[in-house]
Amino acid sequence: MYPKQLLGRSGRLVAVGLLVAALLLALSACSSPQTTFDPKSDAADKIQTLYILIIVISGAIGAAVLIAMGYLMAKFRERPGVKARQIHGNNTLEVLWTIGPILILVMIGVPTILAIVGATRAPSEDALHVEVVAHQWWWEVNYPGLGPDGGTLTTANELHVPIGREVAISLKSDDVIHSFWVPQLIGKIDSIPGRTNHLEPFTASEVGVYLGQCAEFCGLAHALMRFRVVVDSLGDFERWVEGMNTPPPAPEEESFLASGQSVFIQNCSSCHAVAGTVAAGRIGPDLSRFGSRLTIGAGIMDNTEENLVEWITNVTAVKPVPEGLPTALAELGNGKQAMPRFDDTLTPAQVEAVAAYLRSMTIE
Ligand code: CUA
């Protein structure tokens with residue numbers, strides 16, 4: 001049935017209006033923070049340049065083919081009394097349309113191959129090294145040499161990098177294949193169990209917060225496996241490292257925060273670590289200086305009191321981890337475990353105290 005018969009005049013108007021609205025909505029998504037069209041690093045710049053080169057060349061070819069086709073269809077259309085000229089081969093044309101595509105492929109191929117080869121270059125000597133380990137469904141972030149006494153500084157789901165200094169990220173996986181992608185800065189490369197992959201070393205060019213996303217389907221919560229890259233000024237980056245390495249001040253005795261700390265140590269410390277306390281679990285994300293993080297749950301919610309309480313109370317309501325998964329993962333015997341819900345083990349007041357304690361550990 002045609003739309004004309006299906007809809008009245010006003011119905012059609014509404015339909016057109018809806019279409020226009022949908023189109024505008026789709027176009028407005030072009031300003032999405034995960035755009036590749038607004039590069040903020042040398043590596044992302046290079047990809048953008050290559051992309052535009054290929055779009056311009058293929059666009060020009062597409063336009064030329066359509067125009068020539070339209071012209072030929074009009075000029076040589078069937079007309080009464082006119083007989084088509086029979087042509088058998090044309091050497092000049094044969095040579096031209098062999099050489100033409102070869103030149104075009106060289107124009108696209110050479111810069112592409114140079115970019116791919118450049119992506120595997122070794123980082124410079126003063127590059128900042130970051131080791132990222134992908135887990136279902138969050139990111140462990142390690143800075144070898146930046147921790148206390150030259151050890152490793154560990155955090156999760158939020159990378160801090162300084163502006164203007166080369167950053168070399170290596171990728172590992174703790175379970176299945178994931179993929180690390182920050183469209184405006186770098187990516188994407190898979191993190192594969194049993195091997196270490198290296199992203200192209202990149203230098204960020206603008207201070208800001210950049211969205212990252214796992215880009216390889218890795219199970220139920222794949223779409224919720226996000227992260228942030230915070231590009232800091234050099235001073236801010238140093239302050240962040242120093243803040244991360246300074247043990248958080250102990251909460252005042254008998255205070256609300258102290259009760260939160262003790263609930264945390266009793267219930268959470270076998271999975272989570274907080275530098276400077278006895279909590280040293282490695283199963284879940286490291287929560288040192290958690291209060292300074294922008295988001296929770298691998299980048300899916302703002303770091304607010306309310307969201308954190310919701311998260312601790314019943315994580316499965318926020319992130320679709322099946323209730324049976326903790327047991328299923330434990331049966332794999334690799335020490336993996338999903339976060340359980342705590343509404344049956346902790347009182348609401350205890351959950352609030354833990355949330356307040358975690359959020360109190362900030363970096364000034
Ligand atoms: Cu991790 Cu998709």
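Note: the structure precedes this text.
Here the structure is a predicted model, which is why all the values come from computation and not from measurement.

**Q** Quick question: what am I supposed to make of helix H5 (residues 234-245) here?
**A** Owing to its 3.6 residues per turn, the α-helix brings residues three or four apart onto one side. In a regular helix each residue adds 1.5 Å, so 12 residues correspond to 16 Å; H5 covers 17 Å between its end C-alpha atoms and thus fits that length. Packing partners of the buried residues in H5 comprise strand S1 (128-135), strand S2 (138-144), strand S3 (152-156), strand S4 (158-162) and strand S11 (226-232).

**Q** When you look at unusual backbone geometry in this model, what are you seeing that I'm missing?
**A** With the exception of glycine, most residues fall at negative phi, and the peptide bonds are largely trans. The amide bond that connects Gln136 to the next residue, Trp137, takes the cis arrangement and shows omega of 0°. In this chain, Gly187 is followed by Lys188 through a cis amide linkage whose omega measures -10°. One can find Lys188 in strand S7 (residues 186-191). One non-glycine residue, Asp149, adopts positive backbone phi at about 55°. Following the sequence through the fold, Asp149 ends up in the loop between S2 and S3. Taking the relative accessible area as the measure of exposure, Asp149 reaches 86% and is therefore exposed.

**Q** Hey, could you run me through the pattern of salt bridges in this one?
**A** Pairing is possible between side chains of opposite charge, provided their charged atoms come close. Evaluation of the coordinates by the stated rule reveals nine salt bridges. Its salt-bridge partner being Asp38, residue Lys40 comes within 3.3 Å of it at the nearest N-O pair. Given a relative accessible area of 35%, Asp38 falls into the partly exposed group. Residue Glu200 is joined to Arg121 by a salt bridge in which the shortest nitrogen-to-oxygen separation is 3.1 Å. Of the two residues, Glu200 is situated in the loop between strand S8 (197-198) and strand S9 (202-203) and Arg121 in the loop between helix H4 (91-118) and S1; the sequence distance between them amounts to 79 residues. A single network of salt bridges, built from pairs that share partners, joins Lys46, Arg121, Glu166 and Glu200.

**Q** Help me understand the pairing of strand S10 (residues 208-214) in this model?
**A** Residues in a regular strand project their side chains so that they alternate between the two faces of the sheet. Buried residues dominate S10, accounting for five of its seven residues. Strand direction decides the pairing type here: S10 and S11, joined by six bridges, are antiparallel. Residue pairing across strands places Gly212 opposite Phe227, the latter belonging to S11.

**Q** Help me understand the packing of aromatic side chains, please; the structure alone is not making it clear to me.
**A** Tallying each qualifying case throughout the model produces seven aromatic pairs. Centre to centre, the rings of Trp139 and Phe180 are 5.5 Å apart; their planes meet at 90°, and the pair counts as edge-to-face. One end of the pair, Trp139, is in strand S2; the other, Phe180, is in strand S6 (residues 178-182), and 41 residues separate them in sequence. Across this residue pair, the class does not change: Trp139 and Phe180 are buried. Through a chain of ring-to-ring contacts, the aromatic side chains of Trp139, Phe180 and Phe227 assemble into a single cluster.

**Q** What's the story with the sheet that holds S4 in this structure? I'm lost.
**A** Across a sheet, strands are paired by hydrogen bonds formed along the backbone, either parallel or antiparallel in direction. If you trace the five strands from one edge of the open sheet to the other, you get S4-S11-S10-S6-S7, paired in mixed fashion. Across the chains shown, the open sheet's two edge strands, defined by having one partner strand only, are S4 and S7. Taken pair by pair, the neighbouring strands of this sheet meet at an average axis angle of 20°, ignoring direction. Bridging between S6 and S7 involves five bridges; their strand directions are antiparallel. Counted as the bridge partner of Phe180 is Ile189 from S7. Along the sheet face, H5 touches S4 and S11 and points at about 135° away from the line of S4.

Here is what the cut-offs are and how they apply
In this convention, every chain numbers its residues from 1, walking through the sequence in written order. Two thresholds apply to this predicted model, a pLDDT of at least 70 for residue-level local features and 80 or more for giving and counting side-chain atom pairs, whereas whole-chain, interface and lining totals are computed over all residues. Each side-chain value is derived from all of the structure's non-hydrogen atoms; neither hydrogens nor water enter the calculation. Helix and strand definitions here come from DSSP, where helices need a minimum of 4 consecutive H or I residues and strands a minimum of 2 consecutive E residues; each element is numbered from the N-terminal end. A helix is expected to reach a length of 1.5 Å times the quantity of its residues less one. Whether two residues touch is decided by their heavy atoms; if any such pair falls within 4.5 Å, the residues are in contact. Buried residues are those whose accessible area, probed at 1.4 Å on protein chains only, stays under 20% of the maximum for their type, while exposed residues exceed 50% and partly exposed ones sit between those limits. We define a salt bridge as a contact between a side-chain nitrogen of Lys or Arg and a carboxyl oxygen of Asp or Glu at a distance within 4 Å. Only when DSSP finds a minimum of two bridges between them are two strands counted as paired. Two rings from Phe, Tyr or Trp (for Trp, the six-membered ring) form a pair when their centres sit within 6.5 Å of each other. Planes less than 30 degrees apart are called stacked, planes more than 60 degrees apart edge-to-face, and all others tilted. For helices, the fitted axis covers only the stretch in contact; all axes are lines through C-alpha atoms, and the angles between them, taken along N-to-C directions, range from 0 to 180 degrees.

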